[in-house]
Amino acid sequence: MVLLAAIPLSAAQGGDGVDQADAKAALLEAYPGLFTISGNTVTWSDGATMVWDDGKTPTPEELIKSPDIEDMFHYVYPTASAGDLVPDVDFDPGRIRNEAFFKKLYGASAAAVGHHLTSVKWLPKLGKYPVRITSLFGIDARLSQISNALQDMPVDTSRFGLKPGGGFNWRVIAGTDQLSVHSFGAAFDINVGYSDYWFWNKPDDKGRIPFKNRIPLSIVTLFEGQGFIWGGRWYHYDTMHFEYRPELLIYKEKQR
């Protein structure tokens, strides 16, 4: 495996490492028609406004706990095409989420999110596991397409989807007061039995969390093709976890 480190700044990037024009364009392309971005202000179609960049230079911990919208692009997400990678310390592309932004996208309460939930039959030929997921942005249809492709793959690959951990679950992330993306019905855990999670492993003698993964990259490719990113690209990894984050995949393409 290759050690995955942070990407050096280019001339087009600001002091925090984000390419401002590309990040804004990626967000607008990912969620068209819902908001505009002018200067430092994100304006939603209902008139609500949010700050794009609060001007702070956050620590890795602050990026997770209190990011602005721009901070979500702090790390460039590496796709499955890059092969097996070991994330560098605190390299967590996708774990940085501005909660207020996601509440505007999907709903600010379990009841509001519930208006858009539907049930997807996951791997219907192999077990018909029902998964509750949002229909916003066609996420339910996207998950169905992944399911159909995975169940037709060889058994040594499709078996990784046989015990899904589920979709919608209004809850905070363990050990935090921050909502999980599962709260919005926009995340899916593929298989509890083959999951590896950073918190389950003790740091080595240098204080580094050892990276572990059993999910094939061929499955990651299926999810990325439908706009999902994978928790196996994080230093604080969660290898069964996928969440719908098309803006990060679009931004990645723009950074080529």
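Residues numbered from 1 in each chain as written. Predicted model: local features only at pLDDT ≥ 70, side-chain atom pairs only at ≥ 80, totals over all residues. Heavy atoms only, no water.

Trainee: Lay out the environment of F91 with the relevant residues and their values.
Mentor: You can see F91 is positioned in the loop between strand 5 (85-87) and helix 3 (99-106). As a C-alpha pair, F91 and V76 span 15 residues in sequence and 9.3 Å in three-dimensional space. (Helix = DSSP H or I, 4+ residues; strand = E, 2+ residues; numbered from the N terminus.)

Trainee: Please set out helix 7 (residues 217-224) residue by residue, giving values where relevant.
Mentor: Along helix 7, the residues that are buried comprise L217, I219, V220, F223 and E224. Burial along helix 7 is one-sided: seen end-on, the buried residues are contained in an arc of 150°. (Buried < 20%, exposed > 50% of the residue type's maximum accessible area, 1.4 Å probe, protein only. Arc of directions from axis to C-beta.)

Trainee: Can you explain the packing of helix 5 (residues 139-151) against helix 7? Please cite residues and give values.
Mentor: One can describe the packing of helix 5 onto helix 7 by two numbers: an axis separation of 9 Å at closest approach and a directional angle of 150°. Here helix 5 is positioned roughly antiparallel relative to helix 7, judged by the angle of their axes. The way helix 5 lies across helix 7 gives a crossing that is right-handed. Contact with helix 5, carried on its side by L143, I146, A149 and L150, involves I219, L222 and F223 of helix 7 and no other residues of that element. (Axes fitted to C-alpha atoms, helices over the stretch in contact; angles between N-to-C directions. Parallel < 35°, antiparallel > 145°, perpendicular 65-115°, else oblique. Left-handed = near helix turned anticlockwise from the far one by under 90°. Contact = heavy atoms within 4.5 Å.)

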